[in-house]
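Here is what each chain is made of, one letter per residue.
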Amino acid sequence: MDAKLDIDFDAIYQGTLDVPGVAATGIPWDIAAPQPAVVEWAADGAGRFAGAVLDIGCGTGDNAVHLASRGFAVTAVDGASGAIDLARARAAAQGASVAFEVADAFHLPYAERFDTVLDCALYHCLDPSVRAAYAAELHRVTRPGARLNLLGVSDRAPEGTPPSRVSERELRDTLTAAGWTITALREHRLTAVIPADALALFGVDLQAGADGRVRVPAWAVEADRA
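Rules of the game
Residues numbered from 1 in each chain as written. Predicted model: local features only at pLDDT ≥ 70, side-chain atom pairs only at ≥ 80, totals over all residues. Heavy atoms only, no water. Helix = DSSP H or I, 4+ residues; strand = E, 2+ residues; numbered from the N terminus. Buried < 20%, exposed > 50% of the residue type's maximum accessible area, 1.4 Å probe, protein only. Contact = heavy atoms within 4.5 Å. Areas by Shrake-Rupley, 256 points an atom, 1.4 Å probe, with all protein chains shown as cover. Pairing = 2+ DSSP bridges. Salt bridge = Lys/Arg side-chain N within 4 Å of Asp/Glu carboxyl O. Core = buried A, V, L, I, M, F, W, Y, C linked by side-chain atoms within 4.5 Å. Phe/Tyr/Trp six-rings, centres within 6.5 Å; stacked < 30°, edge-to-face > 60°.

(A) Expanded view of the overall build of the protein. From N to C terminus, the protein includes seven helices and seven strands. Overall, the protein shows an N-to-C arrangement of helices and strands of α-α-β-α-β-α-β-β-α-β-α-β-α-β. For the protein, the residues scored as buried account for 50% of the 226 residues in total. Excluding contacts between residues fewer than 6 apart, the proportion of contacts in the protein whose partners are at least 24 apart in sequence is 76%. A total accessible area of about 9,800 Å² is found for the protein, and carbon and sulfur atoms account for 52% of it.

Dropping the structure here:
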């Protein structure tokens, strides 16, 4: 487990994470579909994706596959090899062309390469002490004028919501200091499949909808590389 992360992602993707009191139910954020916020950002006229796209912390790859289906050239990276294995399999099953790679989000093997970055649910997993370095790394691997689209659990979520909650002030301060100009920051939802026993264990007051999915309060951030 990377000390920068609050979650043992390898154990989750390999199905070996054991949480006392919680039945093994798979990957909590794996909804087998792109996140609604990503679909909105990629819609015709939204203008939030262009050129070479980096999907960082891509997980099982559903967002990357959706972006590829919209015609974008996508490089998708994750620090967990199990995530990349699953993502490659899903992309192949759908005939999607995505460059999947295992990579450290703090030491990416690129420089001024990307025109757009998608961070869907990685930022809030990072220890607060390293978020500034992470935001700076995203700036380093993008071209001038690049766009950043970020979705993360907000402090409007109930206390105890894992892995952590992020405030609007913290987001604004961290991204601005790293050279990003925030153009929009609004309330949104992060869709997940967190089992009821897990929510009860953490004392989180969130209820699943009729489809069995939980909508966690989140921030949807749009920023441009200054």
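(B) Spotlight on the pairing of strand β5 (residues 142-153). Examined bridge by bridge, strand β4 (residues 114-120) and β5 share six bridges and lie parallel to one another. Note that in β5 the partner of V117 across the bridge is L148. Here seven bridges tie β5 to strand β7 (residues 214-225), and the two strands are oriented antiparallel to one another. Bridging from a neighbouring strand, G152 pairs with W219 of β7.

(C) Structural view of the pattern of salt bridges. Considering all chains together, one arrives at 15 salt bridges under this definition. One salt bridge connects R48 with D224, and the closest N-O pair in it is separated by 3.5 Å. Of the two residues, R48 sits in the loop between α2 (36-42) and β1 (52-56) while D224 sits in strand β7, which places them 176 residues apart along the sequence. We classify R48 as buried; its relative accessible area is 8%. A residue is classified by how much of its surface remains accessible, and D224, at 25% relative accessible area, is partly exposed. Beyond isolated ion pairs, a larger network of salt bridges with shared partners links E40, R48, R186, E222 and D224.

(D) Quick look at the environment of A76. Along the chain, A76 falls in strand β2 (residues 73-78). Along the primary structure A76 and N63 are separated by 13 residues, whereas in three dimensions their C-alpha atoms are 9.3 Å apart. A76 has contacts with D55, C58, A64, I84, V98, A99, F100 and E101, leaving out every residue within four places of it along the chain.

(E) Examining the nonpolar core more closely. In this structure, F49, L67, F100 and L151 are the most contacted members of the largest nonpolar core, which totals 32 residues. Of all the secondary-structure elements, those providing two or more residues to this core are α2, α3 (62-69), β2, α4 (81-93), β4, β5, β6 (180-192) and β7. Non-local contacts of F100, meaning those with residues more than four positions away in its chain, are made with C58, G61, A64, A76, I84, A87, R88 and A91. Counting residues in hydrophobic clusters, the runner-up holds 30 residues, among them L108, A135, A178 and W219.

(F) Looking closely at unusual backbone geometry. One non-glycine residue with positive phi stands out, namely A32, at about 55 degrees. As for its placement among the helices and strands, A32 is situated in the loop between α1 (9-14) and α2. The backbone of A121 shows a phi angle near 80 degrees, a positive value even though the residue is not glycine. Here A121 shows up in the loop between β4 and α5 (131-140).

(G) The arrangement of α5 in detail. Among all positions in α5, only R131, Y134, A135, E137, L138 and H139 are buried. Packed against the buried residues of α5 are β1, β4, β5, α6 (168-177), β6 and β7.

(H) Structural context of the packing of aromatic side chains. Scanning the model with the defined rule gives six aromatic pairs in all. Both rings, one in Y13 and one in W29, keep their centres 5.9 Å apart while their planes meet at 75 degrees; by these two values the pair is edge-to-face. On the criterion of sequence distance, the pair formed by Y13 in helix α1 and W29 in the loop between α1 and α2 is long-range, its members being 16 residues apart. In this structure Y13 comes out as buried when scored by relative accessible area, which is 11%.

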